[in-house]
Amino acid sequence: MSLAARATATGLALAAASACGGGDAVPDIDAAATGISIHQAIAVEPVLDDVAALYLTIRNGGAEEDTLLAVRTGSAGRAEIHDQVRDGEMVHMRSREYVVVPANGAVVFAPGGLHVMLMELVQPFAAGDTLVVDFHFASGDTRTARVPVVTYGDLP
Ligand SMILES: [Cu+2]
């Protein structure tokens, strides 16, 4: 494409965009509909000194599955993916290397099941605080969530 043609094409595109007028002219691509997104992330104020649980929903609006590989936050030295399994009367936590998020699906981390365990907390945090947490996926995508801290009694 010649420079002149390119300039004309750009001009046309701008004209088309501005012709619609207003801020709603060109809808943004909805990230939640096209890829991985983090929803309803919540951390529970530490019950023990050095450990806290984090719950969330990971949605995958894409046509390919993706896999959560790691969770990192400046608020904790370590963040592990845990699952909770019942064995008769006993409930065990066991760590998971990864969690697959199916195509056009979701995985829910909730009390009694999957959770992220924050360990070696850098400093104590309390209800009302916000944690910044990164979620790393096998696709190479990273999602950062701002996670409010609540008391155990305030869990939904
Ligand atoms: Cu745990």
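Small disclaimer: the values here were computed from a predicted structure and weren't measured. (Residues numbered from 1 in each chain as written. Predicted model: local features only at pLDDT ≥ 70, side-chain atom pairs only at ≥ 80, totals over all residues.)

**Student:** An account of the overall build of the protein chain is requested, with residue identities and associated values reported.
**Tutor:** Assigned secondary structure in the protein chain consists of two helices and 10 strands. Going from the N terminus to the C terminus, the protein chain shows its helices and strands as α-α-β-β-β-β-β-β-β-β-β-β. Relative to its full complement of 156 residues, the protein chain shows a buried share of 19%. (Helix = DSSP H or I, 4+ residues; strand = E, 2+ residues; numbered from the N terminus. Buried ≥ 20, exposed ≤ 12 C-beta atoms within 10 Å, placed from the backbone.)

**Student:** If you had to explain the confidence of the model for the protein chain to someone new, which residues and values would you point to?
**Tutor:** Taken residue by residue, the protein chain gives an average pLDDT of 83. The fraction at 70 or more is 78%. Long-range and interchain partners of residues 7-32, a stretch whose pLDDT sits below 50, account for eight contacts in this model, where long-range means more than four residues apart. (pLDDT = per-residue confidence, 0-100. Contact = placed C-beta atoms within 7 Å.)

**Student:** Lay out the nonpolar core with the relevant residues and their values.
**Tutor:** Judged by nonpolar contacts, the single largest core of 25 residues is most densely connected at Ala43, Leu54, Leu56, Val133 and Val147. Elements represented by at least two residues in this core include exactly strand E1 (36-44), strand E2 (51-60), strand E3 (66-73), strand E4 (76-87), strand E8 (115-121), strand E9 (130-137) and strand E10 (142-150). No other element matches the six residues that E2 contributes to this core. (Core = buried A, V, L, I, M, F, W, Y, C linked by C-beta atoms within 7 Å.)

**Student:** Hey, could you go over unusual backbone geometry for me, with residue numbers and the actual values?
**Tutor:** Backbone geometry at Gln40 places phi at a positive 50°, although glycine is not the residue there. With respect to the helices and strands, Gln40 occurs in strand E1. Of note in this structure, Asn104 is not a glycine but carries a positive phi near 50°. Inspection of the secondary structure puts Asn104 in the loop between strand E6 (99-101) and strand E7 (105-109).

**Student:** Any chance you could break down the pairing of E8 for me, citing the residues and the numbers?
**Tutor:** Pairing of E2 with E8, which is carried by four bridges, proceeds in the antiparallel orientation. Each residue of the ladder has a partner; that of Val51, found in E8, is Met119. Sheet analysis places E4 next to E8, joined by six bridges and oriented antiparallel. Bridged to Ala76 within E8 is Leu121. (Pairing = 2+ DSSP bridges.)

**Student:** Lay out the pairing of strand E5 (residues 90-96) in plain terms, naming residues and giving numbers.
**Tutor:** When you tally the buried positions in E5, you get zero out of seven residues, a small fraction of the element. Here seven bridges tie E4 to E5, and the two strands are oriented antiparallel to one another. When the bridges of E5 are listed, Gln84 appears paired with Met93. Where E4 folds back onto E5 in an antiparallel hairpin, the turn is made up of two residues, including Gly88, whose phi is positive at roughly 65°.

**Student:** For the environment of Val149, give the residues involved together with the corresponding values.
**Tutor:** Along the chain, Val149 falls in strand E10. Here Val149 falls in the buried class, since 20 other C-beta atoms lie within 10 Å of it. Leave out the neighbours within four places in its chain, and Val149 touches Ala43, Glu45, Phe125, Ala126, Ala127, Gly128, Asp129, Thr130 and Leu131.

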